[in-house]
Amino acid sequence: MEPTYLQSEQCQVILGVLSALSYRSHSLSSYLHEITCGVNRLLNSDSTIVTLCEGETGQVIASNSQMENATSRFAMHKSVAKTVVQNGQALMIEDASQSPHREQLNGYLCYLGVPLRTLAGEILGTICSFSHLPRQYTPEAIATVELLGELAATAIDNYHLYQQQQQFNETLEAEVGKRSLELQAAQSKLIEQERFPLTFCLN
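Only a predicted model underlies this, so the values are computations on that prediction, with no experimental measurement involved.

Details of the overall build of the protein chain
Link 1 in the chain: Scanning the protein chain from terminus to terminus reveals five helices and eight strands.
Link 2 in the chain: Counted from the first residue to the last, the protein chain has its helices and strands arranged as β-α-α-β-β-β-α-β-β-β-β-α-α.
Link 3 in the chain: The buried share among the 203 residues of the protein chain stands at 36%.
Link 4 in the chain: Within the protein chain, contacts between residues separated by at least 24 positions form 57% of all contacts whose residues are at least 6 apart in sequence.
Link 5 in the chain: Here the protein chain displays about 12,400 Å² of accessible surface, and carbon together with sulfur accounts for 51% of that area.

Here it is in C-alpha coordinates:
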(Lines give C-alpha, C1' and ligand atoms only; values in the text may rest on other atoms or scores of the structure.)
Protein backbone atom coordinates (compact mmCIF):
# COMPACT_ATOMS: atom_id res chain seq x y z
CA MET A 1 0.00 0.00 0.00
CA GLU A 2 1.67 3.19 -1.22
CA PRO A 3 1.46 6.31 0.97
CA THR A 4 -0.61 9.18 -0.43
CA TYR A 5 1.60 12.28 -0.52
CA LEU A 6 0.58 15.90 -0.87
CA GLN A 7 1.92 17.82 -3.83
CA SER A 8 3.10 21.09 -2.32
CA GLU A 9 1.85 23.23 -5.22
CA GLN A 10 -1.59 21.63 -5.16
CA CYS A 11 -1.75 22.03 -1.39
CA GLN A 12 -0.85 25.71 -1.56
CA VAL A 13 -3.43 26.42 -4.25
CA ILE A 14 -6.24 24.69 -2.39
CA LEU A 15 -5.33 26.26 0.95
CA GLY A 16 -5.15 29.67 -0.69
CA VAL A 17 -8.62 29.30 -2.19
CA LEU A 18 -10.16 27.97 1.02
CA SER A 19 -8.49 30.61 3.18
CA ALA A 20 -9.93 33.34 0.96
CA LEU A 21 -13.47 32.03 1.32
CA SER A 22 -15.74 33.73 3.82
CA TYR A 23 -19.26 32.95 4.93
CA ARG A 24 -19.81 36.72 4.92
CA SER A 25 -19.94 36.61 1.13
CA HIS A 26 -20.92 32.97 0.68
CA SER A 27 -23.45 30.81 2.51
CA LEU A 28 -22.05 28.60 5.24
CA SER A 29 -23.18 25.49 3.36
CA SER A 30 -21.25 26.59 0.26
CA TYR A 31 -18.16 27.32 2.33
CA LEU A 32 -18.27 23.88 3.98
CA HIS A 33 -18.93 22.24 0.62
CA GLU A 34 -15.76 23.87 -0.74
CA ILE A 35 -13.80 22.56 2.25
CA THR A 36 -15.05 19.00 1.72
CA CYS A 37 -14.10 19.26 -1.96
CA GLY A 38 -10.65 20.48 -0.95
CA VAL A 39 -10.13 17.58 1.45
CA ASN A 40 -11.37 15.13 -1.14
CA ARG A 41 -8.91 16.46 -3.70
CA LEU A 42 -6.03 16.46 -1.24
CA LEU A 43 -6.61 12.87 -0.17
CA ASN A 44 -7.99 11.58 -3.46
CA SER A 45 -10.89 10.10 -1.48
CA ASP A 46 -14.26 8.83 -2.66
CA SER A 47 -16.36 10.85 -0.23
CA THR A 48 -15.87 13.58 2.38
CA ILE A 49 -18.42 14.98 4.82
CA VAL A 50 -18.67 17.51 7.63
CA THR A 51 -20.62 16.47 10.70
CA LEU A 52 -21.92 18.31 13.74
CA CYS A 53 -22.08 16.26 16.91
CA GLU A 54 -24.14 16.94 20.02
CA GLY A 55 -24.55 14.32 22.70
CA GLU A 56 -25.69 11.05 21.20
CA THR A 57 -26.79 12.60 17.90
CA GLY A 58 -24.74 13.59 14.88
CA GLN A 59 -25.74 15.43 11.73
CA VAL A 60 -24.17 15.53 8.29
CA ILE A 61 -24.23 19.19 7.25
CA ALA A 62 -21.98 19.20 4.16
CA SER A 63 -20.60 16.83 1.57
CA ASN A 64 -18.28 17.07 -1.42
CA SER A 65 -21.02 15.49 -3.54
CA GLN A 66 -23.79 17.87 -2.43
CA MET A 67 -25.89 14.82 -1.64
CA GLU A 68 -29.59 15.31 -1.10
CA ASN A 69 -29.45 13.92 2.44
CA ALA A 70 -26.64 16.28 3.44
CA THR A 71 -28.61 17.16 6.57
CA SER A 72 -29.22 13.56 7.64
CA ARG A 73 -28.91 12.66 11.30
CA PHE A 74 -27.21 9.60 12.73
CA ALA A 75 -26.67 7.92 16.09
CA MET A 76 -23.24 8.74 17.48
CA HIS A 77 -22.82 5.35 19.14
CA LYS A 78 -23.03 3.72 15.70
CA SER A 79 -20.53 6.11 14.12
CA VAL A 80 -16.75 6.13 14.10
CA ALA A 81 -17.04 9.93 14.44
CA LYS A 82 -17.77 9.39 18.14
CA THR A 83 -14.19 8.21 18.65
CA VAL A 84 -12.82 11.33 16.95
CA VAL A 85 -14.99 13.65 19.06
CA GLN A 86 -14.29 11.87 22.33
CA ASN A 87 -10.53 11.69 21.84
CA GLY A 88 -10.25 15.08 20.17
CA GLN A 89 -7.67 13.66 17.78
CA ALA A 90 -7.45 12.55 14.18
CA LEU A 91 -8.34 8.91 13.56
CA MET A 92 -6.79 7.08 10.62
CA ILE A 93 -8.02 3.66 9.51
CA GLU A 94 -5.89 2.45 6.62
CA ASP A 95 -7.72 -0.83 6.05
CA ALA A 96 -11.06 -1.39 7.76
CA SER A 97 -10.93 -5.10 6.97
CA GLN A 98 -8.41 -5.28 9.80
CA SER A 99 -10.31 -2.84 12.07
CA PRO A 100 -13.07 -3.24 14.66
CA HIS A 101 -14.72 -0.20 13.02
CA ARG A 102 -15.44 -2.11 9.81
CA GLU A 103 -19.23 -2.27 10.31
CA GLN A 104 -19.35 1.49 10.96
CA LEU A 105 -17.83 2.41 7.60
CA ASN A 106 -20.63 1.14 5.35
CA GLY A 107 -18.43 -0.68 2.87
CA TYR A 108 -15.53 1.80 2.82
CA LEU A 109 -12.11 0.43 3.70
CA CYS A 110 -10.19 3.64 4.45
CA TYR A 111 -11.23 6.40 6.86
CA LEU A 112 -9.69 9.64 8.06
CA GLY A 113 -11.58 11.70 10.61
CA VAL A 114 -10.39 14.92 12.22
CA PRO A 115 -12.15 17.02 14.87
CA LEU A 116 -13.71 20.40 14.15
CA ARG A 117 -11.97 22.33 16.91
CA THR A 118 -12.73 26.01 17.52
CA LEU A 119 -10.12 28.55 18.63
CA ALA A 120 -11.54 28.17 22.14
CA GLY A 121 -10.87 24.43 22.04
CA GLU A 122 -14.50 23.30 21.68
CA ILE A 123 -15.07 20.33 19.38
CA LEU A 124 -18.17 20.84 17.23
CA GLY A 125 -17.97 17.74 15.05
CA THR A 126 -15.73 16.16 12.43
CA ILE A 127 -14.49 16.14 8.88
CA CYS A 128 -14.59 12.54 7.69
CA SER A 129 -13.09 11.24 4.47
CA PHE A 130 -13.80 7.76 3.06
CA SER A 131 -12.21 5.59 0.39
CA HIS A 132 -13.26 2.23 -1.04
CA LEU A 133 -9.63 1.08 -1.23
CA PRO A 134 -7.06 0.87 1.58
CA ARG A 135 -4.87 3.95 1.75
CA GLN A 136 -2.03 5.36 3.82
CA TYR A 137 -1.71 9.10 4.43
CA THR A 138 1.40 10.97 5.49
CA PRO A 139 1.49 13.07 8.69
CA GLU A 140 1.63 16.16 6.44
CA ALA A 141 -1.61 15.16 4.72
CA ILE A 142 -3.35 14.57 8.05
CA ALA A 143 -2.05 17.89 9.42
CA THR A 144 -3.44 19.68 6.36
CA VAL A 145 -6.88 18.16 6.89
CA GLU A 146 -6.71 19.18 10.56
CA LEU A 147 -6.03 22.75 9.44
CA LEU A 148 -9.06 22.63 7.15
CA GLY A 149 -11.04 21.29 10.10
CA GLU A 150 -10.06 24.37 12.08
CA LEU A 151 -11.21 26.60 9.22
CA ALA A 152 -14.55 24.80 9.12
CA ALA A 153 -14.95 24.98 12.90
CA THR A 154 -14.19 28.71 12.93
CA ALA A 155 -16.73 29.35 10.17
CA ILE A 156 -19.43 27.35 11.97
CA ASP A 157 -18.66 29.02 15.30
CA ASN A 158 -18.72 32.51 13.75
CA TYR A 159 -21.96 31.72 11.94
CA HIS A 160 -23.59 30.63 15.20
CA LEU A 161 -22.37 33.81 16.91
CA TYR A 162 -23.75 35.85 14.01
CA GLN A 163 -27.13 34.13 14.31
CA GLN A 164 -27.21 34.78 18.06
CA GLN A 165 -26.41 38.45 17.46
CA GLN A 166 -29.14 38.68 14.83
CA GLN A 167 -31.64 37.12 17.23
CA PHE A 168 -30.59 39.54 19.97
CA ASN A 169 -30.94 42.49 17.59
CA GLU A 170 -34.42 41.35 16.54
CA THR A 171 -35.50 40.92 20.17
CA LEU A 172 -34.07 44.32 21.09
CA GLU A 173 -35.77 45.95 18.10
CA ALA A 174 -39.11 44.43 19.04
CA GLU A 175 -38.71 45.59 22.65
CA VAL A 176 -37.80 49.13 21.54
CA GLY A 177 -40.84 49.16 19.26
CA LYS A 178 -43.08 48.01 22.10
CA ARG A 179 -41.72 50.65 24.48
CA SER A 180 -42.12 53.35 21.83
CA LEU A 181 -45.80 52.49 21.37
CA GLU A 182 -46.32 52.53 25.14
CA LEU A 183 -44.62 55.92 25.37
CA GLN A 184 -46.71 57.31 22.52
CA ALA A 185 -49.89 56.09 24.21
CA ALA A 186 -48.84 57.66 27.52
CA GLN A 187 -48.00 60.96 25.82
CA SER A 188 -51.33 60.98 24.00
CA LYS A 189 -53.18 60.38 27.26
CA LEU A 190 -51.23 63.18 28.97
CA ILE A 191 -52.06 65.59 26.15
CA GLU A 192 -55.73 64.70 26.40
CA GLN A 193 -55.66 65.28 30.16
CA GLU A 194 -54.08 68.72 29.65
CA ARG A 195 -56.64 69.67 26.98
CA PHE A 196 -59.72 68.50 28.91
CA PRO A 197 -58.80 68.56 32.63
CA LEU A 198 -62.37 69.11 33.89
CA THR A 199 -63.80 66.22 31.91
CA PHE A 200 -61.20 63.84 33.33
CA CYS A 201 -61.78 65.18 36.85
CA LEU A 202 -65.58 64.72 36.61
CA ASN A 203 -65.12 61.20 35.37
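Still more to cover.
Quick notes on the confidence of the model for the protein chain
Link 1 in the chain: Summary statistics for the protein chain give a mean pLDDT of 78 and a share of 72% for residues scoring 70 or more.
Link 2 in the chain: Within the protein chain, helix H5 (residues 197–202) has the poorest average pLDDT of any element, 51, and strand E6 (residues 110–117) the best, 94.

Re unusual backbone geometry
Link 1 in the chain: Phi at Asn44 takes a positive value of approximately 55°, unusual for a residue other than glycine.
Link 2 in the chain: Its location among the elements puts Asn44 in the loop between helix H2 (28–43) and strand E2 (47–54).
Link 3 in the chain: Judged by its relative accessible area of 48%, Asn44 is partly exposed.
Link 4 in the chain: The backbone phi angle of Asn106 is positive, close to 50°, even though this residue is not glycine.
Link 5 in the chain: A relative accessible area of 69% means that Asn106 is categorised as exposed.

Side note on the sheet that holds strand E3 (residues 57–63)
Link 1 in the chain: Here six strands make up an open sheet; going across it, the order is E4-E3-E2-E7-E6-E5 and the pairing antiparallel. Every other strand in the sheet has two partners, leaving strand E4 (73–75) and strand E5 (91–93) as the edge strands with one partner each. Averaged over all pairs of adjacent strands, the angle between strand axes in this sheet comes to 25°, irrespective of strand direction.

Parameters and conventions
- Residues numbered from 1 in each chain as written.
- Predicted model: local features only at pLDDT ≥ 70, side-chain atom pairs only at ≥ 80, totals over all residues.
- Heavy atoms only, no water.
- Helix = DSSP H or I, 4+ residues; strand = E, 2+ residues; numbered from the N terminus.
- Buried < 20%, exposed > 50% of the residue type's maximum accessible area, 1.4 Å probe, protein only.
- Contact = heavy atoms within 4.5 Å.
- Areas by Shrake-Rupley, 256 points an atom, 1.4 Å probe, with all protein chains shown as cover.
- pLDDT = per-residue confidence, 0-100.
- Pairing = 2+ DSSP bridges.
- Axes fitted to C-alpha atoms, helices over the stretch in contact; angles between N-to-C directions.

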